[in-house]
Amino acid sequence: MKITLSKLNTKDLATLAQRIITVSDSGKYAVISNHPLLSEVKTMYADYDTVYTKSTFSGKGSDVVSADRDRDTSFITLKNFLNGYRKMVSLSNYQLAEDLYRIFKLYNLRLYKMSYSSQTAQMKKLIEELEQPENTQKLNTLSLFPAFNDMKAKQNAFEQIFAEQAGANANLRNMKSASAIRRDLEKTLKSYLNLITAMKKVADWELLYADINELVKAAKNSTVADNEKK
């Protein structure tokens with residue numbers, strides 16, 4: 001019973017392992033029931049099955065981009081309003097708009113062009129400054145406090161989603177790689193097949209060998225078929 005497990009594609013290796021477990025665990029073969037090597041095969045297959053189709057990233061990238069776009073829009077809208085208002089010197093409160101606009105200038109009028117982390121740092125400082133009592137009073141006088149709260153909410157939403165993405169990506173990176181788990185499964189399966197082959201002439205092992213050997217042949221044929229297609 002010879003097979004080069006490393007030549008099987010991802011799906012075929014999973015299929016072979018699953019079929020071997022099913023046959024071995026069918027109750028027909030007392031000689032292998034509760035065998036520690038079979039238990040090891042089950043463990044390695046369970047690990048492999050969990051990760052061999054997993055994504056290499058969290059999938060939250062589009063959510064982060066959308067949240068960043070929302071906070072940019074909110075920031076730009078408030079900034080542009082203040083820029084226009086401060087230029088209308090005929091209005092009694094134009095100086096309040098000028099004062100608030102200077103704060104925006106202090107933390108960069110184009111901060112939305114920065115990296116996520118740099119923009120977040122600047123936005124937090126900007127929000128903290130605008131939350132000072134004298135500035136919240138100016139925002140209220142100009143009826144801009146709802147717009148400020150919207151910008152603040154969009155910033156908080158971005159931070160939450162970005163943190164979720166970072167956490168999810170970290171968890172994926174910390175998972176044992178699919179290639180490492182595959183090597184473990186191949187090693188354990190090889191030991192299991194070698195055991196059955198070594199015992200094939202011993203009473204009560206013949207039928208187990210015959211059934212497992214058919215599964216191995218099917219796996220090898222699938223590899224040949226794939227190569228012919230290529």
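The preceding data block contains the structure.
Small disclaimer: the values here were computed from a predicted structure and weren't measured.

Cut-offs and rules
- Residues numbered from 1 in each chain as written.
- Predicted model: local features only at pLDDT ≥ 70, side-chain atom pairs only at ≥ 80, totals over all residues.
- Heavy atoms only, no water.
- Helix = DSSP H or I, 4+ residues; strand = E, 2+ residues; numbered from the N terminus.
- Buried < 20%, exposed > 50% of the residue type's maximum accessible area, 1.4 Å probe, protein only.
- Areas by Shrake-Rupley, 256 points an atom, 1.4 Å probe, with all protein chains shown as cover.
- Contact = heavy atoms within 4.5 Å.
- Expected span 1.5 Å × (residues − 1).
- Salt bridge = Lys/Arg side-chain N within 4 Å of Asp/Glu carboxyl O.
- Axes fitted to C-alpha atoms, helices over the stretch in contact; angles between N-to-C directions.
- Parallel < 35°, antiparallel > 145°, perpendicular 65-115°, else oblique.
- Left-handed = near helix turned anticlockwise from the far one by under 90°.
- Nonpolar A, V, L, I, M, F, W, Y, C, P; charged D, E, K, R; others polar.
- Arc of directions from axis to C-beta.
- Core = buried A, V, L, I, M, F, W, Y, C linked by side-chain atoms within 4.5 Å.
- Polar contact = N/O pair within 3.5 Å; in protein donor to acceptor, adjacent residues only side chain to side chain.

Trainee: Give me the overall build of the protein chain: which residues, what numbers.
Mentor: Of the regular secondary structure elements, the protein chain holds 9 helices and 0 strands. Of all 230 residues assigned to the protein chain, the portion counted as buried reaches 35%. With the model as given, the accessible surface of the protein chain reaches about 13200 Å², and the carbon-plus-sulfur share is 50%.

Trainee: Could you give an account of the side chain of Gln122, with specific residues and numbers?
Mentor: Residue placement: Gln122 occurs in helix H5 (residues 116-130). Once residues lying within four places of it in the same chain are set aside, the contact partners of Gln122 are Tyr107, Leu111 and Met114.

Trainee: So what's going on with helix H4 (residues 94-106)? Which residues, and what values?
Mentor: The terminal C-alpha atoms of H4, which comprises 13 residues, lie 19 Å apart, in line with the 18 Å expected from a rise of 1.5 Å per residue. All of the buried residues in H4 are Leu96, Ala97, Glu98, Leu100, Tyr101, Ile103 and Phe104. Looking at the residues trailing H4, positive phi occurs at Asn108, about 90°.

Trainee: Got a sec to walk through the pattern of salt bridges? Specific residues and values, please.
Mentor: Tallied over the entire structure, the rule returns 11 salt bridges. The partner of Lys42 in a salt bridge is Asp25, and the shortest N-O contact between them spans 2.7 Å. Placement of Lys42 in helix H2 (residues 36-51) and of Asp25 in the loop between helix H1 (10-24) and H2 is noted, with a sequence separation of 17 residues between them. For Lys42, a relative accessible area of 30% gives the class partly exposed.

Trainee: So what's going on with the packing of H4 against helix H6 (residues 133-141)? Which residues, and what values?
Mentor: Running from N to C, H4 and H6 cross one another at 125°; their axes reach a closest spacing of 10 Å. By the criterion of interaxial angle, the relationship of H4 to H6 is oblique. Handedness of the crossing formed by H4 with H6: left-handed. Taking contact as the criterion, the partners of Leu96, Asp99, Leu100 and Ile103 in H4 are, on H6, Asn135, Lys138, Leu139 and Thr141. Class assignment of the residues belonging to the contact of H4 with H6 gives a composition of 4 nonpolar, 2 polar and 2 charged.

Trainee: Can you explain H6? Please cite residues and give values.
Mentor: Every buried residue of H6 is listed here: Asn135, Thr136, Lys138 and Leu139. Burial along H6 is one-sided: seen end-on, the buried residues are contained in an arc of 155°. Counted as exposed and oriented over 90 degrees from the buried face of H6: Pro133 and Gln137. Positive backbone phi, approximately 60°, marks Ser143, located one or two places after H6.

Trainee: Tell me about the nonpolar core, and name the residues and values.
Mentor: Grouped together as the largest cluster of nonpolar side chains are 31 residues, with contacts concentrated most on Ile3, Leu16, Ile20, Leu185, Leu189, Ile196 and Ile212. Elements with a contribution of two residues or more to this core: H1, H2, helix H8 (178-198) and helix H9 (206-229). Aside from chain neighbours lying at most four places away, what touches Ile196 is Met1, Trp205, Leu208, Tyr209 and Ile212. Listed in part, the 21 residues of the second largest apolar core include Leu100, Tyr107, Leu130 and Leu144.

Trainee: Outline the side chain of Arg182, listing residues and values.
Mentor: Along the chain, Arg182 falls in helix H8. One polar contact links the side chain of Arg182 to the main-chain carbonyl oxygen of Leu8, over a distance of 2.4 Å. Those residues in contact with Arg182, other than ones at most four positions away along the chain, are Leu5, Ser6, Leu8, Asn9, Thr10, Leu13 and Tyr48.

Trainee: Describe in detail unusual backbone geometry, supporting the description with residues and values.
Mentor: Within the chain, Asn108 stands out as a residue other than glycine whose phi angle is a positive 90°. Its place among the elements puts Asn108 in the loop between H4 and H5. With a phi angle near 75°, Asp204 is a residue other than glycine that sits in the positive phi range. Judged by its relative accessible area of 58%, Asp204 falls in the exposed class.

Everything listed here is a matter of coordinates, which is why it stays silent on function.
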